[in-house]
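Spelled out from the first residue to the last, the chains are:
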Amino acid sequence: MAQLVSDFLLERLSQWGVKRIFGFPGDGINGILGALDRAKDKIDFIQVRHEENAAFMACAHSKFTGEVGVCMATSGPGAIHLLNGLYDAKMDHQSVVAIVGQSARMAMGGSFQQEVDLNSLYKDVAKEFVHTVMIPEQMQQMVDRAIRIAKAERTVTCIIIPNDVQELDAATPPRKHNATHTGIGFPNVHFVPGEADLRRTADLLNDGKKVAMLVGAGALNAGDEIMEVAELLGAGVAKALLGKAAVPDTLPYVTGAIGLLGTEPSWKMMTECDTLLMVGSSFPYSEFLPKVGQARGVQIDINPKLLSLRYPMEINLVGDSKQTLRALIPFLKKNKHHSWRKGIEKGMEDWWKVIDARAKDSAKPINPQRVFQELSPKLPDNCILSSDSGTSADWFARHLKIRKGMMASLSGNLATMCPGVPYAIAAKFAYPDRIPIALVGDGAMQMLGNNGLITISKYWKRWKDPRLVILVLHNNDLAQVSWEQRVMTGDPRFTGSQEVPDFPYAEYAKLIGLKGVFVNDPEKISQGWDDVLSADRPAVLEVLTDANVPPLPPHISFDMMVKYGKTLLKGDPDEAGIIKSTWKSEMSTIFS
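Residues numbered from 1 in each chain as written. Predicted model: local features only at pLDDT ≥ 70, side-chain atom pairs only at ≥ 80, totals over all residues. Heavy atoms only, no water.

It is worth spelling out helix α4 (residues 77-91) at this point. When the terminal C-alpha atoms of α4 are compared, their 22 Å separation across 15 residues agrees well with the 21 Å that a helix rising 1.5 Å per residue should span. Most pronounced at Asn-84, the bend in α4 amounts to some 40°. Taken as a whole, α4 has its buried residues at Gly-78, Ala-79, Leu-82, Leu-83, Gly-85, Leu-86, Asp-88, Ala-89 and Lys-90. Backbone geometry just downstream of α4 places His-93 in the positive-phi region, at approximately 60°. (Helix = DSSP H or I, 4+ residues; strand = E, 2+ residues; numbered from the N terminus. Expected span 1.5 Å × (residues − 1). Bend = angle between axes of the 7 residues up to and from the residue. Buried < 20%, exposed > 50% of the residue type's maximum accessible area, 1.4 Å probe, protein only.)

This is the structure:
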């Protein structure tokens, strides 16, 4: 039997090192599905419950492995469903290839069933490369270009394959005019600035008396170098959310997250520093960085388009974070201004007391901060954390102390709901011997997480270590948006938009063969974590929490206070609860 275009597609992907494709079937990709059956010894097709999950998993695969993630969907509706997860990858600079079906070539342009102008639909999310395979001879260059560009640009690319092309005989490009002959392979390139720029940078940093570092996702592979630079400069290290795993939170000079979900020491460090070193981060909220003119700035990023985007830097360096810091270190001098570092460390010592005190505040029935506070010391070595957007991200950012060897991620720049569960599933497929822990609110769990449990129930028995844990904060409220309504617009919580229907998450997990643990007593949180972390199968820990516990930012502006006051004057449906919870949090801050 002659090799078909679909067989060649999978063979070429395999030659590039692709071992797994996340997707959902449909008649627009029937040819590829047949080829996947024939190539199942080379490429594992992971059938998800919804294409959006497939795109989130491909994004997470790229985040946690550094490889290209691949997702697949049928024509029309399937391709449309991929988009949100693909935008998550695009905005967090992850390498993902989307393979989507299309109507047969003869039908295209004829308003055929499920025919969508996919080139136009994908021209933003996959703007670096989105093309339709019209003849078999194109397939080689399409695969090679899609993967190479996805890796080079750290972005999303897309191959559109009409269903009739999928079942044609494969063909390689002939040696003639108009033919393109491509190859496999991507160089392991590390960009490092020249010595003159490194010396100039070192002079600036060595002059600093109050050095602050901000590290992000681009510095995840540079932990040892960040720590060495921080020791030399006597600097404190704040972390953008996507960079949470860059350096351990157990280090006394690491101030944790920055921004609305950040810590008070990070805020204080940025308002008082005289020098800012930003490494591998495009942190968007400039109001949490030093005032313009306050600090001299240096930024290191592999993407020159992101330099001096958030703060006017004096020196901009294009380079790989790890290699650039390694090359810079010999030119740095030991900082003798110890009072700055001591102040940062004292601030963090006090901050952890504040966090602990806030977690101990009583709530109805359970304070969500306590759930995270009790998890932190129980985190297994080398676990992989994923958080959803919402208040779960607040507590993830502040309460969990990352240790060396752990991984952690969430939807950073898109900040979309629903990646928590699919991120954890992708992490488990990539590292079947490690324990992923997804931290999810009940809104995201109902939107996409529950059907992710079905995918887990389908595949968990093949994993070396069957443990995968999902925490569900059950508060029957879209809590983050409720607080944003109060603080950002000065409006009371709108019950009609914010109430989440009740659902038995732990019982549902049991129904489909997983472990389910329900906790509604704060004294049983610790045992709940022990039960799911030691389970003989994937587990859901459902905790009944109080939506009125405020996710207080590290700095409350006058405008926020005014709008919060207006909310209370207008009358919020949970007014008594939010006043009491806010008062408790503020008292914990003052008296911890």
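When the parts of a complex come together, some accessible area is lost, and that lost area is often taken as the interface size. Along its sequence, the protein is organised into domain 1 (5-167), domain 2 (195-342) and domain 3 (361-591). Each of domain 1 and domain 3 has a C-alpha centre, and these two points are 32 Å apart. Between domain 1 and domain 3, the residue contacts involve 24 residues of the former and 30 residues of the latter. The contact between domain 1 and domain 3 buries some 2100 Å² in all, and 62% of this surface belongs to carbon and sulfur atoms. Among the residues of domain 1 in contact with domain 3, Arg-49, Phe-56 and Phe-64 are the three that bury the most area, contributing 31% of the side total. On inspection of domain 1 and its partner domain 3, the count reaches 1 salt bridge. Linking Arg-462 and Asp-44 is a salt bridge whose minimum nitrogen-to-oxygen distance equals 2.4 Å. In this assembly, domain 1 and domain 3 are joined by 15 residue pairs in polar contact (both at pLDDT 80 or more). Contributions of two or more residues to the side of domain 1 that touches domain 3 are made by β1 (20-23), β2 (44-47), α3 (51-65) and α4. (Domains from an automatic or database assignment. Contact = heavy atoms within 4.5 Å. Buried area = accessible area lost by both parts, 1.4 Å probe. Salt bridge = Lys/Arg side-chain N within 4 Å of Asp/Glu carboxyl O. Polar contact = N/O pair within 3.5 Å; in protein donor to acceptor, adjacent residues only side chain to side chain.)

In this section: the sheet that holds strand β4 (residues 96-102). An order of β2-β1-β3-β4-β6-β5 is seen for the 6 strands of this open sheet, with the pairing classed as parallel. With one partner strand each, in any of the chains shown, β2 and β5 (130-132) form the two edges of the open sheet. On average, each strand axis in the sheet is tilted by 20° relative to the strand beside it, whichever way the strands run. Of the strand pairs in this sheet, strand β3 (residues 69-73) and β4 are connected by 5 bridges, and their pairing is parallel. Within β4, the residue paired with Met-72 across the bridge is Ile-99. Strand contacts of helix α2 (residues 30-38): β1, β2, β3, β4 and β6 (156-162), with the helix running at about 130° to β3, the strand carrying the most contacts. (Pairing = 2+ DSSP bridges. Axes fitted to C-alpha atoms, helices over the stretch in contact; angles between N-to-C directions.)

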